[in-house]
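Next come the chains, spelled out residue by residue.
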Amino acid sequence: MALYLLYETASGYSLFEAHGLDQIGQDTEAVRSSISDMNRFGKVVQLTAFHPFESALDALNQCNSVSEGLMTDELRNFLELNLPKVKEGKKAKFSLGVSEPKIGSISLKKQRFLVKPGDIEKAQLGLGHSYSRAKVKFNVNRVDNMVIQAIFLLDTLDKDINSFSMRVREWYSWHFPELVKIVNDNYLYARLVKLVEDKSKLVDDSLSALTDILGDEDKAKEVIEAGKASMGLSAVDLINVQMFAQRVMDLSEYRKKLYEYLVTKMNDIAPNLASLIGEVVGARLISHAGSLTNLAKCPSSTLQILGAEKALFRALKTKGNTPKYGLIFHSSFIGRASARNKGRMARYLANKCSIASRIDFLQEPNQREEEEGERKLDEEVTKTVTNGDAEEDGTAKKKKEEEQG
């Protein structure tokens, strides 16, 4: 029985015919080493036909089809043209060997060609890059993995900055305890610690510098007066406090830059979802789902409780009430709704977010289609809030009349 071998290269499909292969001794070391000898190999395996690809895009499409086990029209025509004809009802008198297992599961004159030196290597490199990008669904304009990493880092920075700021407050309060009650913002407090250093050096000349940081001249005067009458201990190890405050300031500055980066990436990757529910909440939804692709596949009922899985399974286990919302609770639309209408608003918002995520996934990058949906959502929120307040007022009025009656 004749044996034909199908070989897929970056340049095209090749069909070889093998003669006199030793089926028994093919696993021996001597037979394997003889393959590397071109003279011996040429006597056993001969080129029967070659079908070049028309372009790099055609090569990528053919390669993807082969890897997914799909028989393209070009490959089918190539095999039908060059393999021996099989009469209907008769068994084929040849076998076809393939390197891709998925192609092997599909039932189904010698040519000369000229290739310039280096063309094969260039074709292999270009096809390898294109195939790898297509395999991982890579798109430089839609790298949702960057959003996932950014939102994780943003949440981590928020926790770390808050923890470090509390340590700076506690540490510096031994020297200047009154400053904690005057300045509530952690970033401004760290900047003041860096500026003031020793409270005994606070004089009226420091008013302009304090005003630049606080943005309020009255507060700046209050800090100066508190420094003159402070009951704190004398300056001890202030150098370490200053260094730690500088680290907190650097982290806060980096957090601001990271947030701007996240906003930019969300507007590139999912502009409709970002405009509808906000960049941070949208990024958390993408991160929790794993990717924009997974989020687009989620039905609205799943998106509604995304992030509340523990509460959901606990409710199912105890046969209690299931949660009405997950991560989308942080949206301003749900916050504006009345208590009795939050579940309804979460369901409505989840529907819109599901549509927006699918639009972002399927359309070209940087295209916004949700302005109309956002306007309708604002109208629905206003309507829900108004109706909820009216229903609550009506219920309270009815209850009051019943009590009087």
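Residues numbered from 1 in each chain as written. Predicted model: local features only at pLDDT ≥ 70, side-chain atom pairs only at ≥ 80, totals over all residues. Heavy atoms only, no water.

Chemist: Would you take a moment to explain empty space enclosed by the protein for this structure?
Modeler: Any empty space left between atoms is shown by rolling a water-sized probe over those atoms. By volume, the largest cavity is sized at about 30 Å³. Lining the largest cavity, in full, are Ser165, Val168, Arg169, Asn186, Tyr189, Ala190 and Val248. Within the residue set of the lining of the largest cavity, elements represented by two or more residues are α7 (144-173) and α9 (186-196). Tallied by class, the residues present in the lining of the largest cavity amount to four nonpolar, two polar and one charged. (1 Å grid on protein atoms, 1.4 Å probe; cavity = no way out; pocket = protein on both sides within 12 Å on 5 of 7 lines; lining within 4 Å. Points joined across faces, edges and corners; volume = space filled by probe spheres on them. Helix = DSSP H or I, 4+ residues; strand = E, 2+ residues; numbered from the N terminus. Nonpolar A, V, L, I, M, F, W, Y, C, P; charged D, E, K, R; others polar.)

Chemist: Hey, could you run me through the packing of aromatic side chains in this one?
Modeler: Two numbers describe a pair of aromatic rings. These are the distance of the centres and the angle of the planes. A complete count under the given rule lists seven aromatic pairs for this structure. Geometrically, the ring pair formed by tyrosine 13 and phenylalanine 78 is stacked, given 6.4 Å between the ring centres and 25° between the ring planes. Linking tyrosine 13 in strand β2 (residues 12-18) with phenylalanine 78 in helix α4 (residues 73-82), this pair joins segments that are 65 residues apart in sequence. Residue tyrosine 13 shares its accessibility class with phenylalanine 78, and that shared class is buried. Joined through ring pairs, the aromatic side chains of Tyr13, Phe53 and Phe78 make up one cluster. Between the NZ or CZ atom of arginine 169 and the centre of the ring of tyrosine 189, over which it lies, the distance is 4.7 Å. The positively charged end of lysine 256 is found above the aromatic ring belonging to tyrosine 187, 4.3 Å away from the centroid. (Phe/Tyr/Trp six-rings, centres within 6.5 Å; stacked < 30°, edge-to-face > 60°. Buried < 20%, exposed > 50% of the residue type's maximum accessible area, 1.4 Å probe, protein only. Lys NZ or Arg CZ within 6 Å of the ring centre and 35° of its normal.)

Chemist: How should I be thinking about the sheet that holds strand β1 (residues 2-8) in this particular structure?
Modeler: The strands making up a sheet are joined through hydrogen bonds of the backbone, oriented either antiparallel or parallel. One open sheet accounts for four strands, arranged β3-β2-β1-β4; its pairing is mixed. Of all strands in the sheet, those with a lone pairing partner are β3 (45-52) and β4 (94-98), marking the two edges. Taking the axes of each pair of neighbouring strands and ignoring which way they run, one obtains an average angle of 25° across the sheet. Relative to β3, β2 is paired through seven bridges, and the arrangement is antiparallel. Across the sheet, residue leucine 15 finds its bridge partner in β3, namely alanine 49. α4 contacts β1, β2, β3 and β4 of the sheet and is inclined by roughly 30° relative to β2. (Pairing = 2+ DSSP bridges. Axes fitted to C-alpha atoms, helices over the stretch in contact; angles between N-to-C directions. Contact = heavy atoms within 4.5 Å.)

Chemist: Even after reading the chapter, I still don't get the nonpolar core, so can you show me in this structure?
Modeler: The tendency in soluble globular proteins is for nonpolar side chains to be buried as a group. Judged by nonpolar contacts, the single largest core of 36 residues is most densely connected at Leu262, Met266, Ile277, Leu285, Ile286, Leu295 and Ile328. Elements that contribute at least two residues to this core include exactly α7, α12 (238-269), α13 (271-277), α14 (279-289), α15 (292-297), α18 (332-336) and α19 (342-362). Looking at this core, the element that brings in the most residues is α7, giving seven residues. For isoleucine 286, the contacting residues outside a window of four places in its chain are Asp144, Ile148, Met266, Ala270, Leu273, Ser291, Leu292 and Leu295. Ile182, Tyr189, Leu238 and Val241 belong to the second largest nonpolar core, which has 26 residues in total. (Core = buried A, V, L, I, M, F, W, Y, C linked by side-chain atoms within 4.5 Å.)

Chemist: Sorry, what's going on with the packing of α9 against α12 here?
Modeler: The angle between the axes and the distance between the axes are what describe a pair of packed helices. Contact pair α9 / α12: the axes reach a minimum separation of 9 Å and the direction vectors enclose 140°. In terms of their interaxial angle, α9 and α12 are classed as oblique. Judged by the sense of rotation from one axis to the other, the crossing of α9 with α12 is left-handed. Residues Tyr187, Ala190, Arg191, Val193 and Lys194 of α9 pack against Val241, Gln242, Ala245, Gln246, Val248, Met249, Ser252, Glu253 and Lys256 of α12. Class assignment for the residues of the contact of α9 with α12 results in seven nonpolar, three polar and four charged. (Parallel < 35°, antiparallel > 145°, perpendicular 65-115°, else oblique. Left-handed = near helix turned anticlockwise from the far one by under 90°.)

Chemist: Explain the pattern of salt bridges here, please?
Modeler: Side chains that carry opposite charge are capable of pairing whenever their charged atoms lie near each other. Within this structure, the stated rule accounts for four salt bridges. Linking aspartate 155 and arginine 284 is a salt bridge whose minimum nitrogen-to-oxygen distance equals 2.6 Å. A residue pair is termed long-range when its members are at least 10 positions apart, and aspartate 155 in helix α7 and arginine 284 in helix α14 qualify at 129 residues. The partly exposed category is assigned to aspartate 155, whose relative accessible area is 24%. Given a relative accessible area of 26%, arginine 284 falls into the partly exposed group. A salt bridge links glutamate 170 to arginine 167, with the shortest nitrogen-to-oxygen separation between them at 3.2 Å. (Salt bridge = Lys/Arg side-chain N within 4 Å of Asp/Glu carboxyl O.)

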